[in-house]
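# Analysis of the macromolecular model
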Amino acid sequence: MAGIELLSDQGYRLDGRKATELRKVQARLGVFAQADGSAYLEQGNTKVLAVVYGPHEMRGSRSRTLHDRAVINCQYSMATFSTAERKRRPHGDRKSTEMSLHLKQTFEAAVMTQLFPRSQIDIYVKILQSDGGNYSVCVNAATLAVIDAGIPMRDYVCACTVGFVDETPLADLCYAEESGGVSSLALALLPRGGQIALVQMDARLHQDHLEALIEAATTACKGVSKVLDEVVRQHLQEASVLTGED
Amino acid sequence: MLKSKTFVKKTRSGGVMKVVREHYLRDDIWCGSETCTECKQDSPVLQKDVCVESNLCSYPHYLVPDTNVVLHQIDVLENPVIRNVIILQTVLQEVRHRSAPVHKRLKDIIHEKEKHFYTFTNEHHRETFIERQPGESANDRNDRAIRVAVKWYSKHLKTLESGPDGLKVVLLTNDLGNKQKAEENGMVAFKFEEYIKSLLANPELVDLLALSNDDKVTAFTDRNFIHILVLFPEHLPLSRIQVGIKSGSYLQGTFRASRDNYLEATVFVQGDGEDSTEVLIQGLQNLNRAVHQDVVAVQLLPRNQWLAPSSVVLQDDGVAKDDDVEEDEEEKLRLSAAEAARKPTGKVVGIIKRNWRPFCGMLNVSQIKESTRHLFTPADRRVPRIRIETRQASTLAGQRIMVAIDGWPKNSRYPNGHFVRSLGGAGEKETEQEVLLLEHDVPHQAFSQAVLSFLPKMPWAITPEDMAKREDLRHLTVCSVDPPGCTDIDDALHCRELENGNFEVGVHIADVSHFIRPGNALDKEAANRGTTVYLCGKRIDMVPELLSSNLCSLRSNVERLAFSCIWEINHKAEILKTRFTKSVINSKASLTYAEAQMRIDDTNKTDDITQSLRGLNKLAKILKRQRIENGALTLSSLEVRFHMDSETHDPIDLQTKELMETNSMVEEFMLLANISVAQKIYDEFSECALLRKHPAPPPSNYDVLIKAAKSKNVEIHVDSAKALADSLDGAKVESFSYFNTLLRILATRCMMQAVYFCSGMDSDFHHYGLASPIYTHFTSPIRRYSDIIVHRLLAVAIGADSTYPDLMDKHKQSALCNNLNYRHKMAQYAQRASVTFHTQLFFKSRGMLNEEGFVLFVRKNAIIVLIPKFGLEGTVFFDTKDKVSPSLVYDEEGPTLKVEQHTFHIFDRVKVTIGLDDSNIQHQKIRMALTEPSIPGVSVPAPEAEPPTKKQKLDR
């Protein structure tokens, strides 16, 4: 009867996290051999596969070629089995197109495209299982894939969704929280410099709360970056051990 | 960063959707006990020394109630004796699902520091989380979760060095299976009743106990009813009700019991938009244990069984002895029903939601001396009597008490309940006031420390920063006009002639929003109270007195912060310019209406204040004329004032309120300010402006009025407000000067309630009574919260303040409006109830009186008489229980009532004796009896006139 209580008086959320705590992040780099770079990332129950090709010469219409930098091409799709009800159209609907565009903008801000003029970088992300924070998890996975491909970036791009409940910002929303009528904000951050690559918010929120929300998002993104960094170092260590033995 | 250690997936399927949720288990959830050294908690809630004297457990212990105990015994848990309780998250969640009010109360207890209630988040604790096993029901799983948590606690506390007879946890459950399983596992478990009865030092708790289901059967059946009588049809389960509602065979609505007839009720069915219907329900069987305000499912009866609402007044006087007394009373209902007046009639088939609250009332002590079961009669006549069990009946007799309903089994004539608390002796002024505040849900506790902490520090003065932001209007000749004895002055006026010949008129309203900042405790308290409630001789403030009677009160000769609305108006009272500003004013005089009137009338006076008043008065008259030409209604209701004895606070005289020109002068400018502000905030915030509307009544509401006027050959047109106003003005009858006022009183009863609403949620803004397209409340922020919101909106609109989130949220705004409307309605009822009570006190001291009055309504067995002198309404019954009733012929068309030879019409002039009937101490009422016209066997002889000397004394 009563709606779900998103934040209890004791400060616990639905799934037992506290307001600022992230979900458990697990990631692997180099999952596919044939692509230039790939990564698999789980953030709680949201699971994403990201694959990067390039930089390579322009394919398709050559008219899109830029003479001072590389073109970034992003494609976002959701597996038909990624949600509780089977999805009919895995990609190409308006939501996916919008998401692709957001990803493209995010990575144009992070990848050092001017190093590869007249070429193209393809980033494909696929949601295998969706449980909230799709955009953020895609960004995080794509970052790892880009790193795996060895394409130079200014910094990791880390993203996180935050929501606002009872005057408290909640970090890294899960699906139940996102659909619970929370005004949520997605932020992609270059953590070292603190530059913002993308902010997106559709809901109504009073101006007074915005600052607190961005603050919380920044902290969360920095948390994500720490985890990603560890994953990358771990991967490199394993790789170097392997090559050392060879 | 990441604290989650273990990771468990919880799958929950319901319907078709499969929901997968993460469930993190933690090891940083502490036990909350002061004794514990293992847990790294900051501020433990549970005390080290628990001293509750119980002969069941001699050792110190913490209590763990299960869900059903919390749900049913919340009254006991609220008692200050019960402390150091662990509320498990499982329990809290289940309570939340099952009952919102209990959940709210439980949360309040948890927040209270003195109670030492600790919430243990067992569902997220690594060692106490359990998964539902295959074949296990959700309830069983929760019971097991509770047991596991209790087990964990006993183990956890045992490892502490406090020794073998140290702290223990005690599980309280009424579920025998649960208790048995707990005991098998070596836990201490008691039934709640058992435990409470073992508290030797506090026997009073036993009365607070609610009867649990299985107890009820034993308590009330095997002793009292040897043959188990099933009095009521079974209620349908919720699932079947839902199916029925969906298919249209049942209707869902709010049950409203009739005030006059305990065997009759209506169910208000909310339809889409406008089409809401009312379903009539008659007879005990059909009412089927529904209580006033419950949400019920009704089934309509076939059309040939439809009935008309009876106009009989019936009261449940029968003592519970035998249950078939009702039969003939029900018969009485059936007799009536003219074909035309029949209404959709139905019967209650199930209860969707009970809306039981604790009821105030009195105990009818059972005739059997040793009996512990007694009937309780609520003060609200719409609520049935309640059977309670208590051993202190002799002390409770003659007191006002509160009782909560626990349940209503189908074999019991009355619901079962339990005693909550005593309010004091009946008939005492303090108690009665408390009762009427409680019955009308008026928050009246003293302001808490948290609220008071947001008051400005005294001595308070206007700071230079305030001054810089505000317009200095201290030089203006501002004055206030209010009723005598008013200490919360929220409006002041000024008027001066400009060089170009026009007038500048200013309305200055106390700037309450300067002191009450959004979102703090003070603001929340005010928002909850919604309005100041004025009772006879007592005021229940919305904001603390420091603000209401001092800092915000625009008293004379002190500097005060104000919100000013200033117009430039020409001599034809046309507004040329409007502006709003925050200001500082210095009122030159606080006048009463009479003083202001005297100044205007006294031609010798030519000082600034008087000049200003004359200007205002002149403009007000023009404004009023214009308003009436536009179709504003002038309605009438009699308001009375009591002259109170200054020491005993007993009423010593009654007086109807007089209206002077100055009353309408102030009113006129307040209306103008409200309309100007409404327009301004709506222009600025089309989505979230708080406005006030007064819907036009449906034409059928006027039937009574038209019929009544017709009996005196007067036509009333009700097509529009203007037509109504005009025909009311024209309605005059020779040699009956009071006729017009009576008509207006009747017209007032036809009106709808004016309500607050949020502009984003509604499209109809019209104010019918004032004939204004838009209206709001701006002028009384000290006593109405709506005005504070309007002040804030206006302040933002003129750039004097900033917004805050809730102000701009139309859903929150709308929720606030609902609360304000509710509080206003309740405040009005409370005010009326207070007047009634004081009228009774008055008549108690005066004895019998003989007065002239007019028939206001005609009912089937009674007439309702209005006494203009006292503004008092009373019912003259023609069929009394102990007498042979006279022949009564009721004609619905008139409506007229023929008693023996005499026929009563509306507006007939009658004479009645008025006296206090205190045979029922709870419902003391004014009894009227007819003296003129004299009808043999019906009327009573006029009492002898009072000794004139006494009366003169009082008049002086």
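Scroll up to find the structure.
Below: a short report on this structure. As the structure is a prediction and not an experimental result, all values here were calculated from the model.

All right, on to the nonpolar core then. Counting 89 residues, the largest nonpolar core has Val505(B), Leu547(B), Trp567(B), Leu613(B), Phe669(B) and Tyr785(B) as the members making the most contacts within it. When near neighbours in sequence (up to four residues on either side) are disregarded, Leu613(B) contacts Cys479(B), Val481(B), Leu591(B), Ala596(B), Arg599(B), Ile600(B) and Met665(B). Ranked by size, the runner-up nonpolar core spans 58 residues in total, among them Ile127(A), Ala145(A), Ala197(A) and Val231(A).

Residue and element names in this part refer to chain B. Contact geometry of helix H3 (residues 89–98) with helix H5 (residues 138–158) gives a least axis separation of 9 Å together with a crossing angle of 145 degrees. Counted together, Thr 90, Val 91 and Glu 94 of H3 and Asn 139, Asn 142, Ala 145 and Ile 146 of H5 form the full contact between these two elements. Along the lines of polarity and charge, the residues of the contact of H3 with H5 split into three nonpolar, three polar and one charged.

Okay, the sheet that holds strand E33 (residues 888–891) of chain B next. Residue and element names in this part refer to chain B. Pairing is antiparallel across the open sheet formed by three strands, whose spatial order is E33-E34-E35. Edge strands, defined here as strands with exactly one partner in the open sheet, are E33 and strand E35 (902–904). Between one strand and the next, the sheet's axes are offset by a mean angle of 20 degrees, whatever the strand orientation. Across three bridges, strand E34 (residues 896–899) lies against E35 in antiparallel orientation. Within E35, the residue paired with Lys 898 across the bridge is Thr 903.

Moving on: the interface of chain A and chain B. Chain A puts 30 residues into the contact, and the matching count from chain B is 25 residues. At the boundary of chain A with chain B, the tally comes to three salt bridges. Here the residues of the side of chain A that touches chain B are counted per class, giving nine nonpolar, eight polar and 13 charged.

Turning next to helix H25 (residues 785–797) of chain B. Residues and elements named next belong to chain B. Taking 1.5 Å of rise per residue, 13 residues should cover 18 Å, and H25 covers 19 Å from first to last C-alpha, within 8% of that figure. By the criterion of burial, H25 is predominantly enclosed, with 13 of the 13 residues buried. Residue Gly 799 follows H25 closely and has a positive phi angle near 75 degrees.

For the rest of this paragraph, the subject is the packing of aromatic side chains. Under the definition given, this model contains nine aromatic pairs over all chains. Here Tyr53(A) and Tyr124(A) contribute two aromatic rings whose centre-to-centre distance is 6.0 Å and whose plane-to-plane angle is 70 degrees, an arrangement assigned as edge-to-face. Here Tyr124(A) lies in strand E5 (residues 119–129) and Tyr53(A) lies in strand E3 (residues 46–57), a separation of 71 residues in the sequence. By relative accessible area, which is 32% here, Tyr53(A) ends up partly exposed. Among the residues examined, Tyr124(A) registers a relative accessible area of 29% and is labelled partly exposed. The residue whose ring lies beneath Arg692(B) is Tyr756(B), and the NZ or CZ to ring-centre distance is 4.6 Å.

The rules behind each value
Residues numbered from 1 in each chain as written. Chains lettered and ligands numbered in written order. Predicted model: local features only at pLDDT ≥ 70, side-chain atom pairs only at ≥ 80, totals over all residues. Heavy atoms only, no water. Core = buried A, V, L, I, M, F, W, Y, C linked by side-chain atoms within 4.5 Å. Buried < 20%, exposed > 50% of the residue type's maximum accessible area, 1.4 Å probe, protein only. Contact = heavy atoms within 4.5 Å. Axes fitted to C-alpha atoms, helices over the stretch in contact; angles between N-to-C directions. Helix = DSSP H or I, 4+ residues; strand = E, 2+ residues; numbered from the N terminus. Nonpolar A, V, L, I, M, F, W, Y, C, P; charged D, E, K, R; others polar. Pairing = 2+ DSSP bridges. Salt bridge = Lys/Arg side-chain N within 4 Å of Asp/Glu carboxyl O. Expected span 1.5 Å × (residues − 1). Phe/Tyr/Trp six-rings, centres within 6.5 Å; stacked < 30°, edge-to-face > 60°. Lys NZ or Arg CZ within 6 Å of the ring centre and 35° of its normal.

So, to be careful, I would describe these as geometric facts and stop short of saying anything about function.
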